[in-house]
Amino acid sequence: MKAFYIPAGLLALILAFSLWAGSYVRQRTDDWIAQLEQTDKAAMEEDWSQAEKRLLEAYDDWDSSQGFFHTIMNHSDLDEAESLFAGAKAVCSQQDDADFHLLLAQLMEQMDLLAETQSVSIKNIL
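Within the largest apolar cluster, 29 residues are counted, with the highest numbers of intra-cluster contacts made by Leu36, Leu55, Trp62, Phe85, Phe100 and Met111. Counting only elements with at least two residues in this core, the list comes to helix 1 (2–44), helix 2 (48–64), helix 4 (75–94) and helix 5 (97–118). Here this core takes eight residues from helix 5, the largest share from any one element. With near-sequence residues (within four places) excluded, Trp62 lies in contact with Trp32, Leu78, Ala81, Glu82, Phe85, Met111 and Leu114.

Shown next as structure tokens:
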């Protein structure tokens, strides 16, 4: 019976970590989406200095989590978000309204995709 406790304990530990990681990723991506929505709002009001400031804050916050995210997530998904951030920064500096809103929308969708890949759902299990 003792031989059962160690594997069962390890499985429980892995399950707990997986559930926590999914919740953490969802929380962080929701925070970034909210920051990007505020960035988009500033750009719609044509306050480009505020939009750039908010975008850089969102990126700095994003960048601070990359060490952990690279250990638990697919790198290509993270690289896509990184590319979208870079594009958004470039377009923001040019104050290109249409492209900026498009890139922010794509970036927010990518953030949502990142959270979805870590969620506990039937499509992730199967």
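What follows continues from the structure just given.
Let's shift gears to helix 2. Taking 1.5 Å as the rise per residue, helix 2 with 17 residues should run 24 Å; its terminal C-alpha atoms sit 24 Å apart, in good agreement. Of all the positions in helix 2, only Trp48, Ala51, Leu55, Ala58, Tyr59, Asp61 and Trp62 are classed as buried. Angular distribution of buried residues about the axis of helix 2 spans 160 degrees; they occupy a single face of the element. Of the exposed residues in helix 2, the ones pointing more than 90 degrees away from its buried face are Ser49, Asp60 and Ser64. Buried residues in helix 2 make contact with helix 1, helix 3 (66–72), helix 4 and helix 5.

Right, let's talk about the side chain of Asp40 for a bit. Mapped onto the secondary structure, Asp40 falls in helix 1. Buried Asp40, no salt bridge; nearest opposite-charge side chain is Lys41, N-O distance 11 Å. Those residues in contact with Asp40 that lie beyond four places of it in its chain are His101 and Leu104.

This next bit is on the packing of helix 1 against helix 5. Relative orientation of the contacting elements helix 1 and helix 5 amounts to 170 degrees, with a least axis distance of 8 Å. Considered as vectors, helix 1 and helix 5 are oriented roughly antiparallel to each other. Contacts between helix 1 and helix 5 involve Gly22, Val25, Arg26, Thr29, Trp32, Ile33, Leu36, Glu37, Thr39, Asp40, Ala43 and Met44 on the former and, on the latter, Asp97, Phe100, His101, Leu104, Leu107, Met108, Met111, Asp112, Leu114, Ala115, Glu116 and Gln118. Residues of the contact of helix 1 with helix 5, tallied by class, amount to 13 nonpolar, five polar and six charged.

The final tally for this structure, using the stated rule, is four salt bridges. A salt bridge links Arg26 to Asp30, with the nearest nitrogen and oxygen atoms 3.2 Å apart. Taken together, the positions of Arg26 and Asp30, both in helix 1 and four residues apart, correspond to about one turn of that helix. A relative accessible area of 30% places Arg26 in the partly exposed class. Between Asp31 and Arg28 there is a salt bridge, and its shortest N-O distance comes to 3.3 Å. Here the residue Asp31 and the residue Arg28 both occupy positions in helix 1, the gap between them amounting to three residues, near one helical turn.

It is worth spelling out the environment of Phe69 at this point. Relative to the elements of secondary structure, Phe69 occurs in helix 3. Owing to a relative accessible area of 0%, Phe69 belongs among the buried residues under this scheme. Considered as a pair, Phe69 and Gln118 are 49 residues apart in the sequence and their alpha carbons are 11 Å apart. Those residues in contact with Phe69 that lie beyond four places of it in its chain are Tyr24, Val25, Arg28, Trp32 and Leu78.

Procedures and definitions
- Residues numbered from 1 in each chain as written.
- Predicted model: local features only at pLDDT ≥ 70, side-chain atom pairs only at ≥ 80, totals over all residues.
- Heavy atoms only, no water.
- Core = buried A, V, L, I, M, F, W, Y, C linked by side-chain atoms within 4.5 Å.
- Buried < 20%, exposed > 50% of the residue type's maximum accessible area, 1.4 Å probe, protein only.
- Helix = DSSP H or I, 4+ residues; strand = E, 2+ residues; numbered from the N terminus.
- Contact = heavy atoms within 4.5 Å.
- Expected span 1.5 Å × (residues − 1).
- Arc of directions from axis to C-beta.
- Lys, Arg positive; Asp, Glu negative; His and termini not counted.
- Salt bridge = Lys/Arg side-chain N within 4 Å of Asp/Glu carboxyl O.
- Axes fitted to C-alpha atoms, helices over the stretch in contact; angles between N-to-C directions.
- Parallel < 35°, antiparallel > 145°, perpendicular 65-115°, else oblique.
- Nonpolar A, V, L, I, M, F, W, Y, C, P; charged D, E, K, R; others polar.

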